[in-house]
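Analysis of the macromolecular model
Next come the chains, spelled out residue by residue.
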Amino acid sequence: MKGTIRNYYAGGNTAKGFYSLYDSAIDGLDRLFILKGGPGTGKSTLMKAIGQEMVDQGMDIEFLHCSSDTNSIDGIIVPAYKIGIVDGTAPHVIEPKAPGVIEEYVNLGVAWDTEKLMPHKEEILALTKKISHAFHTAYDTFSEALSAHDDIEDIYISNMDFAKADQLAEELIDLFYGDLTLEKTACVKHRFLGAATPVGAVDHIQNLTADITDRYFIKGRAGSGKSTMLKKIAKAGEDKGFDVEVYHCGFDPNSLDMVIIREKGIAIFDSTAPHEYFPERSGDHIVDVYERCITPGTDEKFADDIARTTKSYKDKMKEAITYLADAKVLRDQLEAIYIQAMDFSKVDQIKEELLHQFNQHISK
């Protein structure tokens, strides 16, 4: 029987710049291979091939997706055997904790022909500079979008009953955990369920919750306390010894979008745009924060202000995505230079050696 693939992001293009949660994703691994090499050197293809081999052997794996290219991945992890591979090139630079013991660098640069690259030196430098500029412009524009989003939040925060919000959070904590406490230290993993990508917002909520019995869809507005409630639920789970998956917002990493407690078969997530879903199976529930905690008539009373600030927010988000798309086009051009200088038979040899090391580790 084949294993399953769980999809998420460990880094994202956010209003705070490129934001990394890689330290949490790889924490606790006994073996980690860190790939080095330029764009177009086959890192993602190599990792996908090894990941698929693990799945074919019946192992469950995790794919760490790339927020700057929806066709690429930045890493794979086999949780049951505490082994993984990650792309260790910028912007997700991985700092080894125990080089040679846990982490090992793998240089794909040995497969390129420097003589074929040298004539493109100036072009490579120019493209690299343009790519960096496009990303930084995207981050600045996301930051402007966040400022507009904060204006929307202010409207709802000023019309929120915080006592009712606290009560709702306590009700959910009691429903999820009751009096049960596990006699162990909780394992808490911080991740992103989605990301802003060159093709727009992408999320993996359906994949991440595919085997969850009870899913709670939070409906509400910006500033209606969704993230604060999720933080309380996650903290309560951790305090009670439950393993908790904490999924940060791919736009504002200081906010949360989802919490999963797999030991309880529970997921609760912000089910509003851009990751809006509705109940579709037994065990799906709605949690309406607007109805419970916001002054009735707020939408209608502040309709003009909400429409104005929402338009500003959406316009800036769309603009930021265009800069990510520009960066993707430029990066494709950079990759093409490296691809023509690569000897992919050497990359295949590296892949086979890594597969051998994976199988050795797993068979111990």
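Before any of the text, the structure's been laid out above.
As a starting point, this report considers the structure included with it. For clarity, every value in this text was computed on a predicted model and none was experimentally measured.

1. Let's talk about the overall build of the chain
For the chain, the count of helices and strands is 11 helices and 16 strands. Taking 21 Å as the expected radius of gyration for a compact globule of 364 residues, we find that the chain reaches 22 Å, a close match to that expectation. Projected onto its principal axes, the C-alpha positions of the chain cover 70 × 50 × 35 Å. The 364 residues of the chain split such that 51% are buried. Contacts in the chain between residues far apart in sequence, at least 24 positions, make up 80% of those at least 6 positions apart. For the chain, the exposed area adds up to about 17100 Å²; of that, 52% sits on carbon and sulfur atoms.

2. Section: the pairing of strand β6 (residues 73–78)
Counting buried positions over the six residues of β6 gives six, a clear majority of the element. Direction of pairing for strand β5 (residues 61–65) relative to β6: antiparallel, over a ladder of four bridges. Residue pairing in the sheet places Leu64 in a bridge with Gly75 of β6. With four bridges joining them, β6 and strand β7 (residues 83–87) adopt antiparallel strand pairing. Note that in β7 the partner of Val78 across the bridge is Ile83. Hairpin remark: β6 followed by β7, antiparallel, with four residues in the connecting loop; positive phi at Lys82, about 55°.

3. Looking at the pairing of strand β13 (residues 244–248)
Most of β13 sits inside the fold, with five of its five residues counted as buried. Residues of β13 alternate between two faces, with Val244, Val246 and His248 on one and Glu245 and Tyr247 on the opposite face, all of them buried. The sheet contact formed by β13 and strand β14 (residues 256–261) spans four bridges and is antiparallel. What sits directly across from Glu245, in β14, is Ile260.

4. Describing the side chain of Ser67
Along the polypeptide, Ser67 turns up in the loop between β5 and β6. Classification of Ser67 as buried rests on a relative accessible area of 2%. Filtering out sequence-adjacent residues up to four positions away, Ser67 remains in contact with Tyr9, Gly11, Gly12, Asn13, Phe18, Ala195, Ala196, Thr197 and Pro198.

5. Digging into the packing of helix α4 (residues 121–157) against helix α10 (residues 303–339)
Two numbers describe how α4 lies on α10: the axes approach to 8 Å, and their chain directions differ by 165°. Judged by the angle between their axes, α4 and α10 are roughly antiparallel. α10 is crossed by α4, and the crossing has left-handed handedness. Of the residues assigned to the contact of α4 with α10, the class counts are 24 nonpolar, eight polar and eight charged.

6. A short note on the nonpolar core
One recurring pattern in soluble globular proteins is that nonpolar side chains are buried together. Core analysis: the largest hydrophobic core is formed by 60 residues, its most contacted members being Phe142, Phe176, Met229, Ile233, Phe251 and Ile268. Considering every element that reaches this core, the biggest residue donor is α4, with 14 residues. Discounting chain neighbours no more than four positions away, the residues touching Ile233 are Leu172, Ile173, Phe176, Tyr177, Val259, Ile261 and Ile268. Listed in part, the 25 residues of the second largest apolar core include Phe33, Met54, Phe63 and Val347.

What counts and how
Residues numbered from 1 in each chain as written. Predicted model: local features only at pLDDT ≥ 70, side-chain atom pairs only at ≥ 80, totals over all residues. Heavy atoms only, no water. Helix = DSSP H or I, 4+ residues; strand = E, 2+ residues; numbered from the N terminus. Rg over C-alpha atoms; globule rule 2.2 N^0.38 Å. Buried < 20%, exposed > 50% of the residue type's maximum accessible area, 1.4 Å probe, protein only. Contact = heavy atoms within 4.5 Å. Areas by Shrake-Rupley, 256 points an atom, 1.4 Å probe, with all protein chains shown as cover. Pairing = 2+ DSSP bridges. Axes fitted to C-alpha atoms, helices over the stretch in contact; angles between N-to-C directions. Parallel < 35°, antiparallel > 145°, perpendicular 65-115°, else oblique. Left-handed = near helix turned anticlockwise from the far one by under 90°. Nonpolar A, V, L, I, M, F, W, Y, C, P; charged D, E, K, R; others polar. Core = buried A, V, L, I, M, F, W, Y, C linked by side-chain atoms within 4.5 Å.

These results come straight from atomic positions and should not be treated as a statement about function.
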